Amino acid sequence: MRIGAIEAGGTKFVCGVGNEHGAIEDEVSFPTELPEPTLERVIAYFRDKHVEAIGVGSFGPLDLNPHSATYGHVTTTPKPGWNGYDVLGKLKAAFDVPYGWDTDVNAAALGEVKWGAAQGLDSCVYYTVGTGIGVGVLTEGKLVHGLIHPEGGHVLPRRHPEDDFPGLCPYHGDCLEGMAAGPSLEARWKVKGQELTPDHPAWAIEAYYLAQAVTGSILMLSPQKIIMGGGVMQQSQLFPLIRKEVQKNLAGYVNAPAILDEMDEYIVPPGLGNRAGLCGALALGLEALARS
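Reading the values: rules and limits
- Residues numbered from 1 in each chain as written.
- Predicted model: local features only at pLDDT ≥ 70, side-chain atom pairs only at ≥ 80, totals over all residues.
- Heavy atoms only, no water.
- UniProt positions renumbered as here; feature names shortened; annotations may be inferred.
- Helix = DSSP H or I, 4+ residues; strand = E, 2+ residues; numbered from the N terminus.
- Rg over C-alpha atoms; globule rule 2.2 N^0.38 Å.
- Buried < 20%, exposed > 50% of the residue type's maximum accessible area, 1.4 Å probe, protein only.
- Contact = heavy atoms within 4.5 Å.
- Areas by Shrake-Rupley, 256 points an atom, 1.4 Å probe, with all protein chains shown as cover.
- Lys, Arg positive; Asp, Glu negative; His and termini not counted.
- Charge placed at Lys NZ, Arg CZ, Asp CG, Glu CD.
- Expected span 1.5 Å × (residues − 1).
- Salt bridge = Lys/Arg side-chain N within 4 Å of Asp/Glu carboxyl O.
- Core = buried A, V, L, I, M, F, W, Y, C linked by side-chain atoms within 4.5 Å.
- Pairing = 2+ DSSP bridges.

As annotated in an unreviewed UniProt entry, the protein carries the name fructokinase and is attributed to Paenibacillus barengoltzii J12. The UniProt entry for the protein carries the following comment under Cofactor (unreviewed entry): "Mg(2+)". The heading Sequence similarities (unreviewed entry) in the UniProt record of the protein holds the text "Belongs to the ROK (NagC/XylR) family."

Below is the structure:
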């Protein structure tokens with residue numbers, strides 16, 4: 001079985017071919033440019049791959065309603081040229097195969113449940129913290145869509161008492177993404193996050209914001225696992241800081257061993273590492289093939 005997988009990120013696209021066991025057999029990546037040249041490179045990659053289905057996990061926001069006239073489109077993204085672009089339509093014109101279509105973070109959550117850190121569970125929340133912040137939600141074995149889909153990167157956190165940074169989000173200013181995504185770290189501290197030392201006060205402030213979002217997810221969604229990936233979360237010192245802040249925020253109210261005694265196994269990095277998104281897209285493709 002050969003399934004195509006596309007992790008369509010705001011910074012780069014990753015395309016691959018994998019099988020029903022979650023193994024990626026071939027992959028390629030390239031920068032995300034304007035839609036037409038980017039999708040032409042995608043199509044050129046798959047032209048000789050003979051895939052049976054394609055799964056796409058994309059940056060958003062997206063139209064995920066199959067009954068909508070704009071199903072398969074990117075919607076209100078601030079990324080130049082992509083607002084309103086028909087990603088799925090472009091691909092369907094090139095390859096007549098079943099398609100899975102979802103957000104990149106929902107895809108990553110699905111991949112982690114099938115083959116990663118949440119394997120065997122029927123719920124998890126996946127955070128990616130990088131150029132932006134996205135949140136994928138899987139509950140009772142299904143990815144959450146609803147009105148559109150989760151946009152947990154744009155929740156409004158309580159401001160850290162020592163932080164006067166105005167925020168960078170073009171829509172909301174000091175939302176979670178505006179305060180804690182990679183570009184916000186760089187704008188606040190005047191250097192890229194990876195150049196900050198592990199004991200720099202930046203990380204306590206970062207953990208303060210991210211822990212508020214995680215706390216809200218626990219209280220609202222009661223997931224069996226919280227998974228945190230993306231470039232910013234490569235700073236491993238963030239995990240203990242976030243876990244400590246979450247426990248402080250919950251104050252013993254959620255009476256579950258995972259929270260009270262097993263936090264190191266509850267808030268974790270992706271089991272699939274930097275392939276969570278691509279493997280998740282593979283899982284979307286497998287689901288699309290099964291539905292067909």
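(A) A look at the overall build of the protein. The helix and strand inventory of the protein stands at ten helices and ten strands. A compact globule built from 292 residues would reach a C-alpha radius of gyration of about 19 Å, and the protein, at 19 Å, matches this within 12%. Principal-axis analysis of the C-alpha atoms places the extent of the protein at approximately 55 × 40 × 35 Å. A buried classification covers 52% of the 292 residues belonging to the protein. Sequence separation of 24 or more characterises 62% of the internal contacts of the protein that already satisfy a separation of 6 or more. Within the structure as shown, the protein displays about 13,400 Å² of accessible surface, and the carbon and sulfur contribution to it stands at 52%. Between the averaged position of the 21 positive side-chain charges in the protein and that of its 34 negative side-chain charges there is a distance of 2 Å.

(B) Focus on helix 10 (residues 276-291). Between its first and last C-alpha atoms helix 10 spans 22 Å; for 16 residues at 1.5 Å apiece the expected length is 22 Å, and the two agree. Summarising burial for helix 10: twelve of the 16 residues are buried, a large majority. All of the buried residues in helix 10 are Ala276, Gly277, Leu278, Cys279, Gly280, Ala281, Leu282, Ala283, Leu284, Gly285, Leu286 and Ala288.

(C) Summary view of the pattern of salt bridges. In the structure shown here, the tally under the stated rule is nine salt bridges. A salt bridge links Glu36 to Lys90, with the shortest nitrogen-to-oxygen separation between them at 2.8 Å. Taken together, the positions of Glu36 in helix 1 (residues 35-46) and Lys90 in helix 2 (residues 87-94) put the pair 54 residues apart, joining distant regions of the chain. Here Glu40 and Lys90 are joined by a salt bridge, their closest N and O atoms 2.8 Å apart. One end of the pair, Glu40, is in helix 1; the other, Lys90, is in helix 2, and 50 residues separate them in sequence.

(D) Structural view of the nonpolar core. In this structure, Leu210, Ile226, Met228, Ile242, Val246 and Ile267 are the most contacted members of the largest nonpolar core, which totals 37 residues. For this core, the secondary structure elements donating two or more residues are strand 6 (124-129), strand 7 (133-139), helix 4 (176-180), helix 6 (201-221), strand 9 (226-229), helix 7 (238-250) and helix 9 (263-266). Those residues in contact with Ile226 that sit more than four places away from it in its chain are Val125, Tyr127, Val214, Ser217, Ile218, Tyr266, Ile267 and Val268. The next biggest cluster of nonpolar side chains, apart from the first, holds 28 residues, and it includes Tyr126, Leu143, Leu272 and Ala276.

(E) Fine view of the side chain of Thr38. Following the sequence through the fold, Thr38 ends up in helix 1. Residues contacting Thr38, with those up to four places away along its chain left out, are Phe13, Phe30, Pro31, Thr32, Glu33 and Trp82.

(F) Representation of the sheet that holds strand 7 in the model. Pairing in this open sheet of five strands is mixed, and the strands run 8-7-6-9-10 from one edge to the other. Each edge of the sheet is formed by a strand with only one pairing partner; in this case those strands are strand 8 (142-143) and strand 10 (267-268). In this structure, strand 9 lies alongside strand 10, joined through two bridges in parallel fashion. In the strand pairing of strand 10, Ile227 is matched with Val268.

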